[in-house]
Amino acid sequence: MLFAWMLATALVASPAPDCGLTIQRDRVRDLTAWKPQIQAYSQRHYGENTWQLDPVAIVLHYTVSKGFPWNLVNTAHFAGETPGLAVHYVVDGDKIWEILPPTVRSRGAYGINHRAINIELVAMEANDLARRPKTLATAAKLTTCLMQTYAIPRAKVYSHEAVSKMDPVRVPEVKDLLNAKPYGKSDPGEANMRTILQQIPPEVE
Ligand SMILES: [Zn+2]
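Residues numbered from 1 in each chain as written. Predicted model: local features only at pLDDT ≥ 70, side-chain atom pairs only at ≥ 80, totals over all residues.

A.B. asks: For this particular structure, what's the right way to read the overall build of the protein?
C.D. replies: Along its length, the protein carries 7 helices and 6 strands. Across the protein, helices and strands are ordered from the amino to the carboxyl terminus as α-β-α-β-α-β-β-β-α-α-β-α-α. The dimensions of the protein, computed from C-alpha atoms along their principal axes, are 55 × 40 × 30 Å. Within the protein, the proportion of its 205 residues that are buried is 37%. Here the contacts in the protein between residues at least 6 apart in sequence split such that 72% fall between residues at least 24 apart. (Helix = DSSP H or I, 4+ residues; strand = E, 2+ residues; numbered from the N terminus. Buried ≥ 20, exposed ≤ 12 C-beta atoms within 10 Å, placed from the backbone. Contact = placed C-beta atoms within 7 Å.)

A.B. asks: Mind showing me how you'd approach the environment of Ser 42 here?
C.D. replies: Tracing the backbone shows Ser 42 in helix H2 (residues 31-46). By the C-beta count within 10 Å, which is 20 here, Ser 42 ends up buried. Between the alpha carbons of Ser 42 and Leu 129 there is a distance of 31 Å; along the sequence they are 87 residues apart. Look past the residues within four positions of Ser 42 in its chain and what remains in contact with it is Glu 48, Asn 49, Thr 50, Trp 51, Arg 105 and His 114.

A.B. asks: In this structure, what is going on with the nonpolar core? I would like to understand it.
C.D. replies: Nonpolar side chains in soluble globular proteins generally cluster together in the buried interior. By size, the foremost hydrophobic cluster in this structure holds 39 residues, and its most contacted members are Ile 58, Val 59, Tyr 89, Val 91, Ile 119 and Leu 121. Breaking this core down by element, the ones donating at least two residues are strand E2 (57-62), strand E3 (89-92), strand E4 (95-98), strand E5 (116-121), helix H5 (133-150), strand E6 (157-159) and helix H6 (160-164). Those residues in contact with Leu 121 that sit more than four places away from it in its chain are Leu 60, His 61, Tyr 62, Thr 63, Val 91, Leu 129, Thr 135, Ala 139 and Pro 188. (Core = buried A, V, L, I, M, F, W, Y, C linked by C-beta atoms within 7 Å.)

A.B. asks: What is the right way to read H2 from this model?
C.D. replies: Side chains three or four residues apart in an α-helix point the same way, a direct result of the helix having 3.6 residues per turn. Every buried residue of H2 is accounted for by Trp 34, Ile 38, Ser 42 and His 45. Seen along its axis, H2 keeps its buried residues to an arc of 80°; they face one direction. Turned more than 90 degrees from where H2 packs its buried face, Thr 32, Ala 33 and Pro 36 sit exposed. Remark: Gly 47 follows H2 within two positions and exhibits a positive phi of approximately 70°. (Arc of directions from axis to C-beta.)

A.B. asks: Got a minute to help me understand the pairing of E2 in this structure?
C.D. replies: The side chains of a regular strand alternate, first on one face of the sheet and then on the other. Burial runs high along E2: 6 of the 6 residues are buried. The two faces of E2 match: Ala 57, Val 59 and His 61 on one face and Ile 58, Leu 60 and Tyr 62 on the other face are all buried. As judged from the 6 bridges shared by E2 and E5, these two strands associate in the parallel manner. Each residue of the ladder has a partner; that of Ala 57, found in E5, is Ala 116. With 3 bridges connecting them, E2 and E6 associate as parallel partners. Considered in E6, the bridge of Ile 58 is made with Val 157. (Pairing = 2+ DSSP bridges.)

Below, the structure is given as structure tokens:
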């Protein structure tokens, strides 16, 4: 009886696999508030009335900040609607924070939040990020872990730049019911994408 209770508790509480990485969960979104808001967002933008994410892609970004982007934890709204901006992971050097679990939809990449895990890398811009090899290496390890956990192929690891073109030929998952026009992002930079992808072991699809 006690064993059954412990097993049930463990199943409910168990986070996503960490693949041996140290993932910090001390800077997180309040899921009780987040879930109904992202569910309504998902209905408006994708016609899907759910907060649940079954991830099939990964999108990489830089934060345009010098330090931890607290707006991804604290903002209540963005561009006139709720919820605020938030991604799944923030990487800075060898540190990884999980803001949202990868099974909950985030608001990090317009046009693909219904399908993708979003990862932000702390840097001001592409050249700044290129000078942060530790951040790029940690991003590669985290991306590898998520690819293995959710069977996401290499071809589905996208830059925000690619997603922002809103071109289904380039990124088949892109969609938005309210406005599907391109919106022109440049993160995290083509050279940084190559650097990260090169560090993902070839045996990972
Ligand atoms: Zn971005």
